[in-house]
Amino acid sequence: ALKTILTPPVALLLRNKRTSEILRTLNTNVESPARIWNVEMRGELLKLLSSMEENRPESVTQSVSEELKGLDGFGYSTLKNELQVGGVYVRVFNKLGLEKGGLRDIANPCLFAKQLASFIARCINGSHDLPEGWIALSVTEVEDDGLQLSTVSITDKRFIM
C-alpha cells in the first residue's frame, strides 16, 4: 500500500528508516534516476487522502483492507508514461547521463544493467519490425521486487536511448 501511495522509491526510504530524507523528498521537487516527486504528485496524494477520509464512515471501524480499497486504481499522472527498469526512471537516467552523476542515486547499478539488457532483449524479440532471419535474443528474467515489466514497441519514444 505504501508503494502505491508514496511510489516504490520513496516508500523504500521508510523501510530504510531514512526519515529526514523522506520528509525532505516529500516537501521538495525531486527528479533523479531513482526518484521522482513533485508538487503535482503532492497534490494528487493530498487529494487521495482527503477523498479517503471523506468517504470513511464515522460510526464504523473499518479493517485495514477496507481502508485501503480507496487505493484501487490510484496512480500518479506524472509517472503514467515513465519507463522504470530496475528501480530507475530511464528518461531521467538518459537525461542526466553518466557524466552528470546518473549512477549516483542507483542503489544497485549491476541489477539495473541486467534488467535493462533483459528489457531491451524482450522488446526486440517482441517486435514485428525486425529484418527477416533475425535470431531471437536469449532473455533471462531478473527479479525486481516481484514487478514484471511489460514490453514496449521498439518504436515507442520511451525506448529511445
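First, a word on what this report is: a plain description of the structure on this page.

Conventions used here
- Residues numbered from 1 in each chain as written.
- Predicted model: local features only at pLDDT ≥ 70, side-chain atom pairs only at ≥ 80, totals over all residues.
- Heavy atoms only, no water.
- Phe/Tyr/Trp six-rings, centres within 6.5 Å; stacked < 30°, edge-to-face > 60°.
- Helix = DSSP H or I, 4+ residues; strand = E, 2+ residues; numbered from the N terminus.
- Buried < 20%, exposed > 50% of the residue type's maximum accessible area, 1.4 Å probe, protein only.
- Core = buried A, V, L, I, M, F, W, Y, C linked by side-chain atoms within 4.5 Å.
- Contact = heavy atoms within 4.5 Å.

## A look at the packing of aromatic side chains
Applying the stated criterion to the full structure yields three aromatic pairs. Arranged with centres 5.5 Å apart and planes meeting at 75°, the rings of W37 and Y76 form a pair that is edge-to-face. Here W37, found in strand β2 (residues 36–37), pairs with Y76, found in the loop between α5 (64–68) and β3 (84–85); they are 39 residues apart in sequence, far enough to count as distant. For W37, a relative accessible area of 0% corresponds to the buried category.

## Here we look at the nonpolar core
One broad trend across soluble globular proteins is that nonpolar side chains are buried collectively. Formed by 19 residues in total, the largest nonpolar core has its most connected members in L6, W37 and Y76. Not counting residues up to four positions away in its chain, the partners in contact with W37 are I5, L6, T7, V10, T25, L26, T28, N29, V30, R42, L45 and Y76.

## Structural notes on helix α2 (residues 8–15)
Of all the positions in α2, only P9, V10, A11 and L13 are classed as buried. Residues of α2 that are buried in the fold lie against α1 (2–6), α3 (19–26), β2, β3 and β4 (88–89). Once α2 finishes, K17 follows within two positions and takes phi at roughly 55°, a positive value.

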